[in-house]
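In case you want the letters, here they are:
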Amino acid sequence: MPLAFLLPAAFFLGVWVVYPTFATMWRSLFSDRGDRFVGLDNYERMFTDEAVQTAIKNNVLWVLVIPAGVTAVGLVFAVLTEKVRWAVAFKIAVFIPLAVSLFAVGVIWRIMYQEDPERGAVNAAIVGVQGIVGERGVLSSAQPSTDALTGTPQGGLTLQDAVEPGDVALLGLTAIRADEIPEDGVDAVQPEPLQGGITGVVWRDFKPGGGNPGEVESEETGLAGVTVELRAGESGNAIESTMTGEDGSFAFEEVEAGEYRVAIGSETFAEPFEGFSWLGQSLITPAIMIAYIWVSAGFAMVIIAAGLSAIPRDTLEAARTDGATEFQVFRRITVPLLAPVLTVVFVTQIIACLKIFDLVLAIAPGSSRNDATLLAFEMWRRSFSGQNLYGLGSAISTFLLLLFIPFLIVNVRRFRAEAK
Amino acid sequence: MTKQRFILLALLLAMLAFVAAGCGGDDDEEGAGDGDTTAETTTAEEEESVSGSINVLAVWTGAEGEAFQAVLDGFTEANPDVEVKYQSATDPATVLSTSVEGGNPPDVAALPSPGIMADFAGRGALTPLDFARETIEENYAEGWLTAGSVKDELYGVFFKGVNKSTVWYNVEQFEAAGVEPPEDWETFLSNAETLAASGTPAYSIGGADGWTLTDLFENIYLRSAGPEMYDQLATHEIPWTDESVTNALTEMAKVLGDTDNIAGGTSGALQTDFPTSVTQVFADPPKAAQVIEGDFVAGVISAETQAEPETGFNVYPFPAIDGDDEGAVVGAGDVVVMFKDSPAARALIEYLATPEAQEIWAERGGFTAPNQNVDASVYPDEVTRGAAEGLGGADFRFDLSDLQPAAFGSDAMFSLLQDFLRNPDDVEGTAQALEAAAASAYGG
C-alpha cells in the first residue's frame with residue numbers, strides 16, 4: 001500500500017526522466033537520421049571533433065575554477081555579512097542575481113562586455129579610470145598623406161627629406177576623424193620661405209574626391225595646435241619645438257645653417273586606451289565565468305551563512321579566550337566546522353557548471369562560440385540549431401551523463417549519511 | 001487543507017490531460033494519412049470546396065506576423081470552410097525537427113532556408129509539390145525552382161524573397177569624401193581608400209554573425225567566377241580548393257584585410273552583430289560609411305535610426321567584378337513546404353505561389369516577392385521595387401550557404417570565414433579548411 005503513493009511520482013519520473021535518458025543512450029548508437037545502426041561511430045566522431053575537444057577542455061577548466069571560486073567568494077561574503085551593518089540589505093543585493101534567469105543574465109553581460117566603451121559598461125568603467133591617466137592626442141587616428149612622411153603615428157611622423165634654413169616643410173595628414181577636424185577651420189596656406197628659418201604647414205591633405213596628395217589646395221583645412229619638432233639632422237635630437245597656428249602654419253626662426261628634420265611628435269597621435277576585447281577569442285571563457293560567479297555567489301553565500309549560524313558560538317569564544325587571532329579562529333575553527341556545508345556548495349557547483357548552456361549562448365558572439373563552447377552547448381548546437389546531427393548530439397549527452405554520475409553518487413551518499 | 005488537496009488533484013488531472021493530448025497527436029497523423037488517398041482523386045475536380053483545419057508554422061512575428069496573417073485571411077476568404085491556424089516560431093528549424101522526430105509536424109511550414117528543407121526531405125518528412133508545379137513554373141524564375149528542389153524533386157515554393165546584392169551607404173559621408181556609388185569593383189576599392197582618407201572607415205562588417213561574411217563571399221564569387229561555376233560550387237561538384245574560390249577569397253581579402261578601414265578594426269568587426277553593423281553607419285558620428293547586406297537593411301535603418309531615404313541613406317547594387325556580370329544577384333528567401341498532405345494544405349500552397357497572395361504583403365512594405373508576376377506598382381517605395389526586379393532575372397542565384405547541409409552552410413562556413421576575417425592573409429588555408437568541412441558535411 002505505501003508503494004501506491006509513489007505511483008504518481010514514479011509515473012512522471014518515468015515519462016520525463018527515465019525514458020528520455022535511456023532513449024537518448026539508445027539513440028546515440030544510430031545515425032543522425034536514425035535509420036541506421038552505427039554502433040559506437042558517434043562516439044568516435046565526438047572525440048575527433050575539434051569543437052567537442054575544445055568543449056571538453058573548457059569543461060575541465062570550468063570544473064577546476066568555478067566550484068573553488070564560487071565557494072571562496074561565497075565564504076568571504078558569508079563571513080563578512082556576519083560583521084557588517086545592513087547585513088540583510090547586503091545579502092539581498094548579492095542574492096538577487098540568482099532570481100534572474102540565466103539567459104537574461106547572459107544578455108545583460110553581453111551588453112556590458114561590449115568592446116566599444118560607449119556601449120559596454122565594463123570597458124566604460126576601465127576607460128573611465130584609465131582616462132584620468134592617459135590623454136587623447138589632438139589627432140588620434142591621423143595617417144600621413146604621402147610617403148614623404150615616414151614612421152608610424154605611434155612613434156611620431158618624420159619628414160623623410162632633410163630640410164635646411166629657407167626650406168618649407170609640408171606635413172600632410174589624412175584619415176582624420178570627423179570630430180577631430182577643426183569645425184571653424186581655416187584653409188591651409190603654403191607659407192612663404194623664411195630667410196634663415198624653416199617654415200611649414202600641417203594640414204588635412206584631403207578634400208572631397210581626395211585632391212592631390214602632397215599639395216596644399218583650397219578647401220583643405222589647416223590643423224591648429226599640433227606640436228612640431230625641429231630635430232638635428234645627424235643625431236635626431238629635438239632642438240626646438242613649436243605649435244601650429246590657426247591655419248596650420250609654423251615657423252622656426254633664426255636657425256643655424258645645416259641639415260634638420262621636421263617631425264610631429266607621437267603625443268599628437270596618442271590614442272586613448274579603448275578597453276579590452278572581452279568577447280574576443282582569448283577572454284571569452286573568463287568573461288563567461290565572471291558572469292557565472294556573479295550569479296552563483298549569492299547561492300553559496302546563503303548556504304554558507306546558514307552553516308555559519310549553526311556553528312556553536314562557545315567554541316569560537318573558547319578559542320578567542322585562549323588567545324587565537326581572528327584569522328586563526330577562521331582557519332582552524334570556522335572552516336573545519338563548515339566543511340560539510342562547503343562540500344555541499346562545491347559538489348553542487350560542479351554539477352551546475354557541467355550543464356552550463358544558456359550563458360554561452362547568450363554571451364558569446366558567433367565569432368567566439370567555438371572558443372567558449374561547453375559540452376552541454378555543443379550537444380544543443382549539434383542536435384537542434386538546425387544541424388540535426390541527432391546521433392552525435394545523443395552521444396554528447398550520454399558522455400555528459402557519464403561525467404555527472406560520480407558527483408551524483410557523492411551527493412546521494414552524503415544525503416544518506418545526513419539522514420542517519 | 002481540503003482546498004490544497006483540490007488544487008493538487010486539479011494539477012494532476014491537468015497533467016494527465018496534457019499527456020493524453022500528446023499521445024493523441026499520433027492518431028491525428030494517421031487520420032491525415034488516410035486522407036491521402038481521397039485527396040488525390042478529389043482535388044482536381046473539386047478544388048473549390050476544400051475544407052478542414054490546417055496548421056501553418058513560420059518565423060514571422062510582430063508586424064511581419066500581421067502581414068502574413070493578412071495573406072492567410074485572403075486564403076480563408078476564398079475558402080471559407082478551411083480553418084488556418086498560424087503559429088510563429090523564432091527558430092522554426094528547432095521546433096520542426098523536434099516535432100518531426102515526435103511525429104506531429106504542422107501541415108505547412110515556411111522554412112528560412114532550402115538547406116533545412118533538404119534535411120527534412122532527406123528524412124522523408126516532406127511531400128513533393130508536383131500538384132502545384134504548373135502554377136510555380138508560370139510565376140517563378142528558373143533559379144527559384146532549382147533552389148526549391150532536392151534531387152530534381154520539387155519540395156518547396158518560395159514565398160518571401162531577399163535581394164542580397166545591395167550596398168547601403170551614408171549619403172553625407174559619401175558627399176564629404178566626394179565619392180559616388182561605384183559600378184565596378186576597382187572603383188569600389190578606390191572609393192574605400194578615399195573614404196578612409198576622409199576620416200570615416202569605408203566598411204561596417206557584422207562579423208559576429210557569420211552569415212554576413214558568407215553573403216559577401218557569395219556576391220564576390222558569383223561575379224568573379226560566373227553563374228555556372230557558382231552552381232557547381234553550390235552542389236560541391238568542384239572543390240573549395242578550386243582556383244575560382246581562392247581568387248574570390250583574394251578579392252574578399254582586399255576588403256577584410258583593409259583593417260584600418262573597418263569600423264572597430266578586425267576585433268571590433270568580429271563582435272559586431274548585424275543590426276549594429278547597420279546602425280553604426282547611420283549613428284552620429286557614423287562609425288563607417290557603408291554596409292554590404294541585403295534589402296532587409298532598409299527595415300533596420302527605418303526602425304532604429306533617424307536616417308531619411310535618399311538624404312540620409314541610399315543603396316547601390318553590388319558592383320560588377322568581371323565586367324559582364326551586371327544584374328548578377330544573390331538572393332534568398334523563405335521556402336514553403338508541406339509536411340502533411342491534405343486537400344486544404346494543397347490549396348494553401350497553390351495560393352501562396354500566386355501573385356495575388358504575395359501582393360497582399362508587398363503592398364504593406366518590407367516584402368520582396370520572388371514571384372515575377374507580382375505587379376511592381378504595388379511596392380510602396382522605389383528601393384524595394386528595384387530590389388524585387390533583380391530577383392526575377394536570369395542571373396539570379398540562390399544564397400549558396402543556404403543550399404549547403406546545415407552543418408556546413410550555417411555553422412562551419414560561418415566560423416571559417418570568421419577565422420578568415422581574423423587572418424585575411426591565409427587564403428590557401430581558408431580554402432582547404434572550407435573544403436575539409438564541406439567534404440565531411442557532404443559525406444556524413
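What you see is a predicted model, and the numbers here were worked out from it, not measured in a lab.

Asks: Just give me the short version of the domain arrangement of chain A, but keep the residues and values in it.
Replies: Taken domain by domain, chain A consists of domain 1 (2-126 + 278-419) and domain 2 (143-269). Its C-alpha centre places domain 1 of chain A at a distance of 59 Å from the equivalent point of domain 2 of chain A.

Asks: Let's hear about the sheet that holds strand S8 (residues 203-204) of chain B: which residues, and what values?
Replies: Residues and elements named next belong to chain B. With respect to topology, four strands assemble into an open sheet ordered S8-S9-S7-S10, the strand pairing being mixed. Every other strand in the sheet has two partners, leaving S8 and strand S10 (313-317) as the edge strands with one partner each. In this structure, strand S7 (residues 166-170) lies alongside S10, joined through five bridges in antiparallel fashion. Bridge pairing links Tyr-169 to Asn-314 in S10.

Asks: Please set out helix H15 (residues 343-352) of chain B residue by residue, giving values where relevant.
Replies: Owing to its 3.6 residues per turn, the α-helix brings residues three or four apart onto one side. Burial analysis of H15(B) places nine of its ten residues in the buried class, the great majority of the element. Here H15(B) has its buried residues at Pro343(B), Ala344(B), Ala345(B), Arg346(B), Ala347(B), Leu348(B), Ile349(B), Glu350(B) and Leu352(B).

Asks: Lay out the domain arrangement of chain B with the relevant residues and their values.
Replies: Residues and elements named next belong to chain B. We note that the domain assignment places domain 1 (47-162 + 331-398) and domain 2 (166-326 + 404-443) within chain B. A separation of 28 Å is found between the C-alpha centroids of domain 1 and domain 2. Contact residues are listed per partner, giving eleven residues for domain 1 and 16 residues for domain 2. Taken together, the residues of the side of domain 1 that touches domain 2 break down into four nonpolar, four polar and three charged.

Asks: I'd like a description of unusual backbone geometry, backed by residues and values.
Replies: Here Asp284(B) and Pro285(B) are connected by a cis peptide whose omega angle stands at -5 degrees. Of note, Pro285(B) is situated in the loop between helix H13 (274-279) and strand S9 (290-292). For Glu254(A), which is not glycine, the phi torsion reads 50 degrees and is therefore positive. Checked against the element boundaries, Glu254(A) lands in the loop between strand S8 (249-252) and strand S9 (260-264). Given 9 C-beta atoms within 10 Å, Glu254(A) falls into the exposed group.

Asks: Help me get a handle on the pairing of S7(B), residues and values and all.
Replies: Residue and element names in this part refer to chain B. In terms of burial, S7 is a largely internal element, five of the five residues being buried. Residues Thr-166, Trp-168 and Asn-170 line one face of S7 and the alternating positions Val-167 and Tyr-169 line the opposite face, and both faces are buried. Pairing analysis gives three bridges linking S7 to S9, with the strands arranged antiparallel. Counterpart to Trp-168 in the pairing with S9 is Val-291.

Asks: Quick one: what's the story with the interface of chain A and chain B, residue by residue and with numbers?
Replies: Contacts between chain A and chain B engage 29 residues on the former and 37 residues on the latter. Among the residues forming the side of chain A that touches chain B, the class breakdown is twelve nonpolar, twelve polar and five charged.

Asks: A description of the nonpolar core should follow, citing residues and the corresponding values.
Replies: Counting 220 residues, the largest nonpolar core has Ile288(A), Val157(B), Val337(B) and Ile349(B) as the members making the most contacts within it. With twelve residues, helix H7 (residues 284-309) of chain A is the single largest residue contributor to this core.

Cut-off values and rules
- Residues numbered from 1 in each chain as written.
- Chains lettered and ligands numbered in written order.
- Predicted model: local features only at pLDDT ≥ 70, side-chain atom pairs only at ≥ 80, totals over all residues.
- Domains from an automatic or database assignment.
- Pairing = 2+ DSSP bridges.
- Helix = DSSP H or I, 4+ residues; strand = E, 2+ residues; numbered from the N terminus.
- Buried ≥ 20, exposed ≤ 12 C-beta atoms within 10 Å, placed from the backbone.
- Contact = placed C-beta atoms within 7 Å.
- Nonpolar A, V, L, I, M, F, W, Y, C, P; charged D, E, K, R; others polar.
- Core = buried A, V, L, I, M, F, W, Y, C linked by C-beta atoms within 7 Å.

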